[in-house]
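# Structure at a glance
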Amino acid sequence: MSELLIDTITKSYKKYKALDQITLQISPGMFGLLGPNGAGKTTLMRILTTIVEPTAGTITFGDVTWKQPEAVRQLIGYLPQKFSLYKHITVTEVLTHIATMKGMTRRKEQAVADVLEKVNLQDHRHKKIKELSGGMVRRVGIAQAILHSPKIIVVDEPTAGLDPQERIRFRKLLRQLGKEATVIVSTHIVEDIESICDTLAVLKKGHVIFNGSLQTLTEMAANDVWEMEASKEAFFDAIDELDIISSKYENHRYRYRVVSTNPLPGAKHVTPNLEEAYMYLMGQAQR
Ligand SMILES: Nc1ncnc2c1ncn2[C@@H]1O[C@H](COP(=O)(O)OP(=O)(O)OP(=O)(O)O)[C@@H](O)[C@H]1O
């Protein structure tokens, strides 16, 4: 399978650069795009899906270049962050309609049946959209994105608004799709990336500040994540002083974790998780 090559992409809005010379090489499988609000993720997604044209730079996948938007649209399936559907028609009707809009004339019924099976919605195919849960609607969203068997699937904020069970189910579905395609998951929810992606890029203010494996990122923070223990009173004092990432109350004591480049008295090093490594990276990028 080909690699997606994003080469020095810049997007300017007047003098403001929403993206500044972004270069990424994305292999098949699950790729995460992480960053705070305003980092430029949505702009990059929109460029990838040909909704917006870059100011400069090129994108290629095999012999397709982004100068050929029609060819790119055959290649890409997109589930945007804000996804709405006609509420009063059934799942099958909506997917058949979208297949028609995509210009699929042959094998339309079969394609709809196949995607319904992939996203596990066969039993709900005759339900109206308004009768579905949030998780099911997201799955219809994925179904419409993969109707034409795209090689690249772009998903923006995949689990926003879903309850914990639906999140887990939706992440499993994405992981499944990553076995056959390049799946790009854009989010500011670290957990979404941690549980399903192998590699990731972190964007901040239009720049790539990290690009690599999850392991490399957590290793970068290995010397700067600490665990401490304190009484309730001391813990509440510490909240004001430190950036506490997580805490646990056990046997009348608080155990809590902190990212700090300075050693902390009485603290011991712990192996960072992705959220801690991300906090570390954001702190470093401010320097
Ligand atoms: N059409 C536009 N005109 C001017 N500025 C824009 C436009 N679209 C985006 N921007 C700016 O570009 C920057 C990046 O926006 P973008 O939506 O890509 O960020 P994001 O990382 O996706 O954040 P969010 O999660 O909030 O959508 C922001 O500062 C935004 O205000």
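Residues numbered from 1 in each chain as written. Predicted model: local features only at pLDDT ≥ 70, side-chain atom pairs only at ≥ 80, totals over all residues.

If you look the chain up in an unreviewed UniProt entry, it shows as ABC transporter from Fictibacillus macauensis ZFHKF-1. Regarding the chain, the UniProt comment filed under Sequence similarities (unreviewed entry) reads as follows: "Belongs to the ABC transporter superfamily." (UniProt positions renumbered as here; feature names shortened; annotations may be inferred.)

What follows concerns the overall build of the chain. Helices and strands together make up the secondary structure of the chain, namely 10 helices and 14 strands. Viewed in the frame of its principal axes, the chain has a C-alpha envelope of about 70 × 45 × 35 Å. Scored against the burial criterion, the 287 residues of the chain give a buried share of 36%. Nonlocal contacts in the chain, meaning residues at least 24 apart in sequence, comprise 69% of its contacts between residues at least 6 apart. (Helix = DSSP H or I, 4+ residues; strand = E, 2+ residues; numbered from the N terminus. Buried ≥ 20, exposed ≤ 12 C-beta atoms within 10 Å, placed from the backbone. Contact = placed C-beta atoms within 7 Å.)

Close to the ligand lie Tyr13, Ala18, Gly35, Asn37, Gly38, Ala39, Gly40, Lys41, Thr42, Thr43 and His188, which account for all nearby residues. For the shell around the ligand, the element with the highest residue contribution is helix H1 (residues 41–48), accounting for three residues. In terms of residue class, the shell around the ligand is built from three nonpolar, seven polar and one charged. (Near = placed C-beta within 6 Å. Nonpolar A, V, L, I, M, F, W, Y, C, P; charged D, E, K, R; others polar.)

Taken over all residues, the pLDDT of the chain has a mean of 92, while the share at 70 or more is 100%. Here helix H9 (residues 232–241) stands out as the element of the chain with the lowest mean pLDDT, 87, in contrast to strand E1 (residues 4–13), whose mean of 98 is the highest. (pLDDT = per-residue confidence, 0-100.)

What follows concerns the sheet that holds strand E14 (residues 268–269). Strand order in the open sheet formed by four strands is E12-E13-E11-E14, with antiparallel pairing between adjacent strands. Looking at strand neighbours, the two that pair on one side only are strand E12 (244–250) and E14, the edges of this open sheet. Relative to strand E13 (residues 253–259), helix H10 (residues 274–286) is tilted by about 45 degrees, and along the sheet it contacts strand E11 (225–230), E12 and E13. (Pairing = 2+ DSSP bridges. Axes fitted to C-alpha atoms, helices over the stretch in contact; angles between N-to-C directions.)

Time to look at helix H6 (residues 164–177). When the terminal C-alpha atoms of H6 are compared, their 20 Å separation across 14 residues agrees well with the 20 Å that a helix rising 1.5 Å per residue should span. Elements in contact with the buried residues of H6: strand E3 (29–34), helix H5 (134–146), strand E7 (152–156), strand E8 (182–187) and helix H7 (190–196). (Expected span 1.5 Å × (residues − 1).)

At a minimum axis distance of 9 Å, the contact between H5 and H6 shows a crossing angle of 15 degrees. Compared by their axis directions, H5 and H6 come out roughly parallel. Between H5 and H6 lies a crossing of right-handed hand. When H5 is examined against H6, the residues Gly134, Gly135, Arg138, Arg139, Ile142 and Ile146 are found in contact with a partner set consisting of Glu166, Arg169, Phe170, Leu173 and Leu177. For the contact of H5 with H6, a count of residues per class yields five nonpolar, two polar and four charged. (Parallel < 35°, antiparallel > 145°, perpendicular 65-115°, else oblique. Left-handed = near helix turned anticlockwise from the far one by under 90°.)

Ordered by their spatial adjacency, six strands build an open sheet running E6-E7-E8-E3-E9-E10, and the pairing between neighbours is mixed. Since the sheet does not close on itself, it has two edges, and those belong to strand E6 (76–79) and strand E10 (207–213), each with one partner. Sheet twist, expressed as the average angle between the axes of neighbouring strands with direction ignored, equals 15 degrees. Judged from the five bridges that link them, E7 and E8 form a sheet pairing that is parallel. Bridge pairing in E8 places Ile153 opposite Val183. Running at roughly 160 degrees to E6, H5 makes contact with E6 and E7 of the sheet.

Examined at the domain level, the chain breaks down into domain 1 (4–213) and domain 2 (223–270). Computed over C-alpha atoms only, the centres of domain 1 and domain 2 are separated by 38 Å. (Domains from an automatic or database assignment.)

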